[in-house]
Amino acid sequence: MCGIVGAVAQRNVQGILLEGLKRLEYRGYDSAGMAVSGHDGQLARRRALGKVAALEEKLVAAPLSGHTGIAHTRWATHGRPSEENAHPHQSGERLALVHNGIIENHEALRAELEADGYVFTSETDTEVMAHLISRETGRQGDLLGGVQRVLARLDGAYALGVVHADEPGVVIGARQGSPLVVGVGIEEAFLASDPLALLQVTDRFIYLEEGDMVRLSSAGKVEIFDADGTPVTRQVQTFEYGDGAASKGGYRHFMLKEIHEQPAVIAAALEGRLGERSALVESFGPEAETLFGKVRQIHVVACGTSYHAGMVARYWLERYAGVPVQVEVASEYRYRRVVVPEGTLFVTLSQSGETADTLAALRFAKQLGYLGSLAICNVPGSSLVRESDLTLMTQAGPEIGVASTKAFTTQLTALMLLTLALGRVRGQDADEQAALVEALRGLPAQVGEVLALDPAVEALSAAFAEKHHALFLGRGAEFPVALEGALKLKEISYIHAEAYPAGELKHGPLALVDGEMPVIAVAPNDALLDKLKSNLQEVRARGGELFVFADEGVALEDGEGIRVLRLPRVSDALAPILYTVPLQLLSYHVAVLKGTDVDQPRNLAKSVTVE
Ligand code: G6P
C-alpha cells in the first residue's frame, strides 16, 4: 500500500527520504518518487517505475539537494503503474504532493479543474488534489490554509504530504482514514505512514488522529490542528521496538526471520498475562472484568490471515469459554444488515490496525448496540487500537514480510488468552483452564522444536515447485490452519491452492485429485484423526500425492504416494498454532525454489489502507 515520507531537516533530506522509502518497501508498491525543495528556491522531482532501487539509480545520476522534501511508494488504485502516475504529483513547478488513499469525488473535481484550464498529466485521483491546493494557495498565499480549504471538499480517505517552493522549510501533512505519524527529531521533523520508515532518524512519534493536519517547519517546529482547525497538542510517544526489527538480521528474507522469531514473540505475547491456573483478565484493560462478565456472544471481524485467526478462535471460544461466536470478513460484514443480540462483544483482529475494511467495520459496529469492542492488534497507536474500548497487543514486533507469519501465531496466542479470560469470568472448567495454561507455557519451546524440522520441510518443497495447484485439508480447528497454509502458498509462490474441511472432499474437490495435485493434510492426533484418515484414503485411491503433517502418535507411514512429517505431540487446543509453522516453512521454500519475490509478492500489499 502507498507509503509516505516527509522531512524538514537541518541536513540534505534526500538520504533520509530514500532510506524511509526502503523501509516502507514491505508495504507493497509498484513505483516510487521524491520531490525536494532546493536551496535555489526551486522544486525538483525524480520518479521511477518499479523498485525503490530504480529511483535510487536516478538519484545517483541526478541527485536532489535541499532541507525540505516528500517521497512516496505507490500501490496503484487509480491509473496503472507508470512513471506518470507515480507520486509526487505537481501542480505547475511550485507545488508537489504525495497521497495514500482514495478520493471518491475526484471525477467531479477533475472536471471542474479542467473547465478552469488545468491540464492533467496523470490518470490519478491525487493530481486533482495537487491542482486544487495550488489554486487555493495561490488565492490567499498560505499553504496550510490552502490545504485546509481543499480537504473540506474531499470525499474519501487520505494521508498526504505537501510542499510548496514558495514556503521553503515547510511540509504540510493531513490524515483522514489513512495512517500518518510525525517523527520528532532534534531541531528536525518528519512525516511517515509508518514509524518504521523513520527509525533511522528518531524514535519519538506523534500519532495523528483522524482529521488532523500538521505543519512541520524549520528547527523541528510541529504545529497540529484538529478537524475544526483548532490548534491541538498530541502526545509524543517513544517507539518501543529497537531499530534491529527493520533489518533481516542475517536471514535471507524477512519472512524467514519472522518465522524463526515465533518462539520469542509467542513468549512475549504470553508474558505477564498468565496466572497460575488461567489468564489474567486485566491484560485486556481495567474494564475487561466487568465487560467480559456481560458477554453472551462474540462477533469477530478481520481480513486475510487475521480472518483465519478468527476462524480458529471460534472453535476455542465455543469449546472452552462456552460463548457462541460468529466470524466474518470485514469487507462483507460492513455492507450488510447485522443483527446484534444483547450482550455481544465486537472483536477485530489486525496485524497493522490500519486495514481500511476492518477499521470501517469497527466504526459501523459502533452504531449497532454492541456491548463494547476489543481489538487484538500488533501496532500500538494504530487507528484500530485507538478507537476500540479494549485492546490486547500481540507483541509480535514489526512484521515486514507481506505474507503474515508471526503476526498470525501471536494473534492465535492472544485469542487463546481471550478464551481463557472469558472462560474464567464465565466460570468454565477451572482444571481444563489450568491444563491450557500449562500447555501455553510450553508452546514457545514446542514451536522451536518444529522450527528444527526446517530441513525436512525444505526437502518436501521440491515436490511442489513444478506444480500448478495444491489442495490443503484439515478438520475442526485445523481447517482454518489449512486455509492459512493455502493462502501462504498462493501469496508467495503463486501456486493456486485451495483448502477444504476434509469431510467436504468427496463433495467436489476429489474430482480434481490426480498425480499433478499434491494434497497436504494437517493431521494432529485428535478426536477427528480416524475420520481424516478415511479422507486420505480417498485421495490415495485416486493416485493423489499426499503430504501429511502429523504427530508422533499417528499410525501413518511414509510410502508410495504418501510422505509423513512428524511434529511433537501437543495439546489438541494448541495444535493450530504448532501446525501452522511447517506450512509457513513449506510455502517459503517453494517460493525460494521458484525464485519469486518472497518478502514483496507481486500485486500484494502489507497493509491495505484502501477499500
Ligand atoms: C493484507 C496483508 C495480509 C493481512 C491482511 C489483513 O492483505 O497482505 O497479510 O492478513 O492485509 O491485514 P491486518 O493488518 O488487518 O491483519
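Only a predicted model underlies this, so the values are computations on that prediction, with no experimental measurement involved.

Helix and strand counts for the chain come out as 18 helices and 25 strands. Against the compact-globule benchmark of 25 Å for 611 residues, the chain has a radius of gyration of 25 Å, which places it among compact chains. By principal-axis analysis of the C-alpha atoms, the chain measures approximately 75 × 55 × 45 Å. Taken across its 611 residues, the chain has 62% of its residues classed as buried. Taking the intrachain contacts of the chain between residues at least 6 apart in sequence as the baseline, contacts between residues at least 24 apart amount to 71%. Total accessible area on the chain stands at roughly 22,000 Å², and carbon and sulfur atoms take up 48% of it. Charge separation in the chain, taken as the distance between the mean sites of 56 positive and 78 negative side-chain charges, equals 1 Å.

For the rest of this paragraph, the subject is the packing of aromatic side chains. Inspection of every chain in the model, using the stated rule, returns six aromatic pairs. A centroid spacing of 4.8 Å and a plane angle of 50 degrees characterise the contact between Phe464 and Phe547, whose relative ring orientation is tilted. Of this pair, Phe464 sits in helix 15 (residues 454–465) while Phe547 sits in strand 24 (residues 545–551); the two residues are 83 residues apart in sequence, bridging distant segments of the chain. Across the pair, Phe547 and Phe464 agree in class, each one buried. Joined through ring pairs, the aromatic side chains of Tyr333, Phe346, Phe364 and Tyr370 make up one cluster. A cation over an aromatic ring shows up here: Arg110 above the ring of Phe120, its NZ or CZ 4.2 Å from the ring centre. The residue whose ring lies beneath Arg314 is Tyr315, and the NZ or CZ to ring-centre distance is 5.4 Å.

Over its 17 residues, helix 9 (residues 304–320) runs 25 Å from end to end, which matches the ideal 24 Å to within 8%, given 1.5 Å per residue. Largest kink in helix 9: about 25 degrees, centred on Ala313. Turning to helix 9, its buried residues are Thr305, Ser306, His308, Ala309, Gly310, Met311, Val312, Ala313, Trp316, Leu317 and Tyr320.

Now for the packing of helix 13 (residues 406–425) against helix 14 (residues 430–451). Following both chains from N to C, one finds helix 13 and helix 14 inclined at 160 degrees, their axes separated by 11 Å at the closest point. On the basis of their axis angle, the class for helix 13 and helix 14 is roughly antiparallel. Handedness of the helix 13/helix 14 crossing: left-handed. Contacts from Thr413, Met416, Leu417, Leu420, Gly423 and Arg424 in helix 13 reach Gln433, Leu436, Val437, Leu440 and Leu443 in helix 14. Here the residues of the contact of helix 13 with helix 14 sort into seven nonpolar, three polar and one charged.

What follows is about the sheet that holds strand 23 (residues 518–523). An order of 22-21-23-24-25 is seen for the five strands of this open sheet, with the pairing classed as parallel. In the strand order of this sheet, the two ends are held by strand 22 (496–501) and strand 25 (562–567), each with one partner. Geometrically, the sheet is characterised by an average inter-axis angle of 20 degrees between neighbouring strands, direction not taken into account. As defined by bridge partners, strand 23 adjoins strand 24 across six bridges and the pair is classed as parallel. Its bridge partner lying in strand 24, Val519 is registered against Leu546. Packed on one face of the sheet, helix 17 (residues 529–541) meets strand 21 (469–474), strand 23, strand 24 and strand 25 and runs near 170 degrees to strand 23.

A few words now on the UniProt feature "domain: SIS" (unreviewed entry) in the chain. The sites that UniProt annotates as "domain: SIS" (unreviewed entry) are residues 288–428 and 460–601. Taken as a whole, residues 288–428 contains 44% helix and 20% strand, while its terminal C-alpha atoms sit 17 Å from one another.

Here we come to the sheet that holds strand 8 (residues 170–176). What holds strands together in a sheet is hydrogen bonding between their backbones, with the strands either parallel or antiparallel. Reading across from one edge, 5-6-7-8-12-13-14 is the order of the seven strands in this open sheet, with antiparallel pairing throughout. Whereas interior strands pair on both sides, the edge strands pair on one side only; in this sheet they are strand 5 (89–91) and strand 14 (231–232). Of the pairings in the sheet, the one linking strand 8 to strand 12 (residues 213–217) comprises five bridges and is antiparallel in character. The residue of strand 12 that forms the bridge with Gly173 is Val214. Sheet strands in contact with helix 5 (residues 143–151) are strand 6 (95–103), strand 7 (156–164), strand 8, strand 12 and strand 13 (221–225), and its direction is about 160 degrees off that of strand 7.

Reading the values: rules and limits
- Numbering of residues starts from 1 in every chain and runs along the sequence as written.
- The predicted origin of the model limits local features to residues at a pLDDT of at least 70 and limits the giving and counting of side-chain atom pairs to 80 or more, whereas totals for whole chains, interfaces and linings rest on all residues.
- By convention in this description, side-chain values take in all heavy atoms of the structure and omit both hydrogens and water.
- In DSSP terms, a helix is any run of H or I states spanning at least four residues, a strand is any run of E spanning at least two, and both are numbered starting from the N terminus.
- To get the radius of gyration, use the C-alpha atoms; to get the globule rule, take the number of residues to the power 0.38 and multiply by 2.2 Å.
- Classification of residues uses two cut-offs on accessible area relative to the type maximum, computed with a 1.4 Å probe and protein chains only: under 20% is buried, over 50% is exposed, and between them is partly exposed.
- The contact criterion used is simple: two residues touch if any of their non-hydrogen atoms lie within 4.5 Å.
- Here the accessible surface of atoms and residues is derived via Shrake-Rupley with a 1.4 Å probe, and residues count as covered only by protein chains that are part of the display.
- Here Asp and Glu are counted as negative and Lys and Arg as positive; His is not counted, and neither are the chain ends.
- Every charge is mapped onto a representative atom, which is NZ of Lys, CZ of Arg, CG of Asp or CD of Glu.
- Here is the rule: rings of Phe, Tyr and Trp (six-membered ring for Trp) pair when centre to centre is within 6.5 Å. Planes less than 30 degrees apart are stacked, more than 60 are edge-to-face, and the remainder are tilted.
- To sit over a ring, a charge needs its Lys NZ or Arg CZ within 6 Å of the ring centre and within 35 degrees of the ring normal.
- In this analysis, the expected span of each helix is defined as 1.5 Å times one less than the number of residues it contains.
- We define the bend at any residue as the angle between the axes fitted to the seven residues before and including it, ending there, and the seven starting there.
- The axes used here are C-alpha line fits, helices contributing only the stretch in contact, and every angle between their N-to-C directions lies in the interval 0 to 180 degrees.
- Reported orientations rely on four angle classes, namely roughly parallel under 35 degrees, roughly antiparallel over 145, roughly perpendicular from 65 to 115, and oblique for the rest.
- Helix crossings get a hand from a simple test, with the near helix turned counterclockwise from the far one by less than a right angle marking a left-handed crossing and a clockwise turn marking a right-handed one.
- Amino acid classes used here: Ala, Val, Leu, Ile, Met, Phe, Trp, Tyr, Cys and Pro are nonpolar; Asp, Glu, Lys and Arg are charged; the rest, including Gly, are polar.
- For two strands to be treated as a pair, DSSP must find at least two bridges joining them.
- UniProt positions are given in the numbering used here, feature names are shortened, and annotations may be inferred rather than shown by experiment.

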